[in-house]
Amino acid sequence: MVKPAKKKLWALALAIPLMAAGVAALKPAASAPPVTDSFWVERRAAARIESRLTHAEADRYRSRAPAGGCPVPAEPMPLGPLARMEAGEDWGGIAAAYALEAEWNQAASFLERMPASPERDSDLSAVALARGDFERALRLLDGALAVKPNLPQALWNRALVFREMGLTLRASELFEQVAKLGEQGWSREAHAQALSLRESTLERQRQWKAAREATLALMDDAKAPLPLDAARQLPGTVRGVFYDVVRAAESKERALALMPLAQELDRVQGGRTLTDYVQRVAKRDFTRRGELARQYAAAMRPGGTVPDGFLDKARLPGDEDLYMGAILRTRNGTMKNLKDVLERIKRLDDPWFMYQAERDQAYKEVADGAWWKGEQRLFSALQHCREGTLTVRCLELERRLAVFYYDMQRVTEAEQHARVLWAGARQLREWDLEFNALESLSQVARSRNDLGSARAYLEEWMARGPTRHCAWPHVQLAHLYYLDLRPADARRELDIAAACADNRMELVFGATLAELTRSGSGPNDAEWLGRVTSNAVSGPNVLGGDRAYAHYLEGRFVLDQDRTRGEALLKTTIAEADALPRGDALARESWALSHSSLAVDAGRTGEFPKVVTLMAAQLGTPVPTRCALAASVHAERAVLVALGPKGEVQGHYDAARKEPFARADSSRLVPEALRKTLSGCDRVDVLAWAPVFGRTDLLPSDIAWSFRLGRAQGPRPAPGSQSAPSRRLVVAGVEAPSLLQLPRLPAWTPDAEPGAAPPDVLSGSDATPSRVLARMADATEIEIHAHGITDPSISGASLVVLSPEVNGRYALTADVVREQRLTGSPTVFLAACSAGRTTALQSTEPFSLPAAFIDSGARAVLASTVDIPDAAGRFFDGVRRRIHAGTPAAVALRDERQAWLARDARAAWTRSVLLVEKAD
């Protein structure tokens, strides 16, 4: 027998599938009565959501109270009213009914039937918020509010998204906007939400500021009370300042007066480090140390500086604390004196400084190119720190790791550490570290092309620190709006930044300004750009990359007004950048942007053959005469040129892109007219630079095509010919380092081939980066079966995980591969997840493992841009065997893909395998 409670669940289980299959079967007669008010009263009374919906009945205010006890299953929804709404095609009503019950999948399915509108997007944002997809929620809400700035439901939902992201002051501002609309019930609750969020956030600021100021007061006022309560509540904040207070103590008595605070901090954080420190200082000869302490105290005050000769006087044993304090406040002081600093930190035997020593050593290792050593050092220091109680220092290590991974463009790891920093800083009430976290999170979101979240973090930064900096956040916002193809908003923020007294007119300001002039110039643009370029090339230590970038900005700025002068400046930039070391990132950015500016400008004037010539020069490949596609995208502009089988030219120029290319469906980039031009080709060469390079959906999967990059040295040898003895290198069975927590991959044993030499196999602990690089040097074929690391939500350059060296190095990265010389002109098969993924940034060259292998001498590279299943090894082996049989690589890839797709619908990932080849 079914119990009553179970009957309800059973009925609900039957009702939902019936509705999911469609309520059409329950259509009433045309004369069916309308939905009664009681239906919506019941729905609102049982509502389980905090989001607001735009359906009038669903949005009537409903008071909410905290739910106590166990959750009660929802009653089955009456099907009659739903059927009547379906008969009238009231999809919004059905969606609202389901949404009130928190049946988000059902709600979404009906919302997606509705035509686009701000109201629909606001309701879809509630679905995204419930799923934790803040990026999509913000994108939907930004679009809705752009059309209807005062749409109450969208403002409310945006406030909820900000609140859930921890951006509480900005959420408070948004709730206040809702409160001012004067809606019954909603305004009162919005004001209460705003007040609660603002007060709880500012209370953290007040506590942090009070703890800091109370501890700093001890430096100038011997009678100031010891902040013992603050030491218990914010020990990290107090301890950070306490060292300076002890250093500034001018007498033994003053130092000993600080002993109770030292003992309280030791009690809270464990050990007796600070107690011992105060005792050591109290034993010093203050007839000498007293003067140094006074000088140190003066240097710590606003506007103070470390006096000349102070460091030399403070070097004597026993005064290391004064020396260390002064070094920390000298620009790059620890790095200039790293060896000496490390020795003194070791003598201090204070974990507070030991973690700083690890951080600085890691910074030096990264600067020296041994980034894997720095990564391991920081990771080990963080693990050790988490075992103790010095939690503020742990957060600083989290911050350093976030910066490290961001610089490496390993965005997933950067975001993980930035989020821990953000949560930890709020929990510990470390107000200053919250600003650091917001900056890191904004940078990470921008790298992920999540521009809505990047703006959200900046908006919170500004809400918290309106007097902290004026120009910086507005310049950053302007650049984000430019990237999001919102020129009017970008111009507004740029004008605000220009009016700030602290605006130093740096390169990012100039880069945004130069791009915005296409959509409309301002009266001060020429003057502002002149200040930017002048600042970039002034001073005694101007770098070549700065000079090249200044020339690029000037050329980009004038190109649309004075084409001859603009082209000349851009060509000068290219020549300057070519003469600089490839490692000069700013020079390479100038070089790439100059090329793309020239290419799209040629498309603007209809000079389509010139576009092909320019792109071939940029890619270092011969100018094709047939069966080729050239594609370049620069912000809102795109130019594409197709060369047909007889050399016929078909071009397309578009200057009205509304969505950033990083979020665009690139399968629609190539117009149908150009595809028809290519339809008679046996295979197609694609000439493309970032951000188009690496997109595997440019052409249909049943077309044989490949990206072209560089020029092969000499003709392609026939497989198995005597002139080119083959040497096959296989890397498999890698033992990934434990810190990455990656699962072990299944073993890959290459099959023997008749008449071919046995492959050279590197596996297990032997498959280290140094051994793999050495064995690659003269290989004619390279297969790597390993893990790839990248962020699955963006196009970020990946690395391949190999077995670690003794020194901890484990990664095969694009920059390391690019420095090798592959004399065997190999074909490379990268059977690793996302190994073909390329950086998504417009301003960089195609930075990926395939591009790096081509640069180092490979003739062709196959790699996936998405995660791949264990069976991928067989797919790559099938392509390899077709190539051995004499089939061109592009055709082999196409044919093997078609064979897999015909056999298994789950093989859709094969469409995301790209091929990069050198031109013969």
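Whatever comes next refers back to the structure up there.
Residues numbered from 1 in each chain as written. Predicted model: local features only at pLDDT ≥ 70, side-chain atom pairs only at ≥ 80, totals over all residues. Heavy atoms only, no water.

(A) The packing of helix α39 (residues 872-884) against helix α40 (residues 889-903), seen in detail. Two numbers describe how α39 lies on α40: the axes approach to 9 Å, and their chain directions differ by 135°. In this view, α39 runs oblique relative to α40, as classed from their interaxial angle. Like other packed secondary-structure pairs, α39 and α40 cross with a definite hand, here right-handed. Between α39 and α40, the residues in contact are Arg874, Phe875, Gly878, Val879, Arg882 and Ile883 and Ala889, Ala892, Leu893, Asp895, Glu896, Arg897, Ala899 and Trp900, respectively. (Axes fitted to C-alpha atoms, helices over the stretch in contact; angles between N-to-C directions. Helix = DSSP H or I, 4+ residues; strand = E, 2+ residues; numbered from the N terminus. Parallel < 35°, antiparallel > 145°, perpendicular 65-115°, else oblique. Left-handed = near helix turned anticlockwise from the far one by under 90°. Contact = heavy atoms within 4.5 Å.)

(B) Examining the side chain of Asp601 more closely. One can find Asp601 in helix α33 (residues 585-604). Note on Asp601: relative accessible area 0%, which makes it buried. Residues in contact with Asp601, not counting those within four places in the same chain, are Leu559, Asp560, Arg563 and Glu567. (Buried < 20%, exposed > 50% of the residue type's maximum accessible area, 1.4 Å probe, protein only.)

(C) The state of the cysteines, seen in detail. Applying the stated criterion across every chain, the model contains 3 disulfides. Cys470 shares a disulfide with Cys500; S-S distance 1.8 Å. Across the disulfide from Cys470 to Cys500, rotation about the S-S bond amounts to roughly -60°, and the bridge is consequently left-handed. A residue pair is termed long-range when its members are at least 10 positions apart, and Cys470 in the loop between α26 (451-464) and α27 (471-483) and Cys500 in the loop between α28 (487-498) and α29 (507-516) qualify at 30 residues. For Cys500, a relative accessible area of 7% puts it in the buried group. (Disulfide = S-S within 2.5 Å.)

(D) Main features of the environment of Gln184. Here Gln184 lies in the loop between α9 (168-179) and α10 (186-220). Taking the C-alpha atoms as reference points, Gln184 and Arg60, 124 residues apart in sequence, are found 8.7 Å from one another.

(E) Representation of α29. Burial analysis of α29 places 8 of its 10 residues in the buried class, the great majority of the element. Tucked inside the fold, the buried residues of α29 contact α27, α28, α30 (525-537), α31 (544-558) and β1 (628-634).

(F) Spatial organisation of the pattern of salt bridges. Within the structure shown, the criterion is met by 81 salt bridges. The closest approach of N and O atoms between Glu164 and Arg163, which form a salt bridge, is 2.9 Å. Its relative accessible area of 43% is what places Glu164 among the partly exposed residues. Residue Glu365 is joined to Arg377 by a salt bridge in which the shortest nitrogen-to-oxygen separation is 2.9 Å. Here the residue Glu365 occupies a position in helix α21 (residues 351-367), and Arg377 occupies one in helix α22 (residues 371-386), the gap between them amounting to 12 residues. The buried category is assigned to Glu365, whose relative accessible area is 15%. (Salt bridge = Lys/Arg side-chain N within 4 Å of Asp/Glu carboxyl O.)

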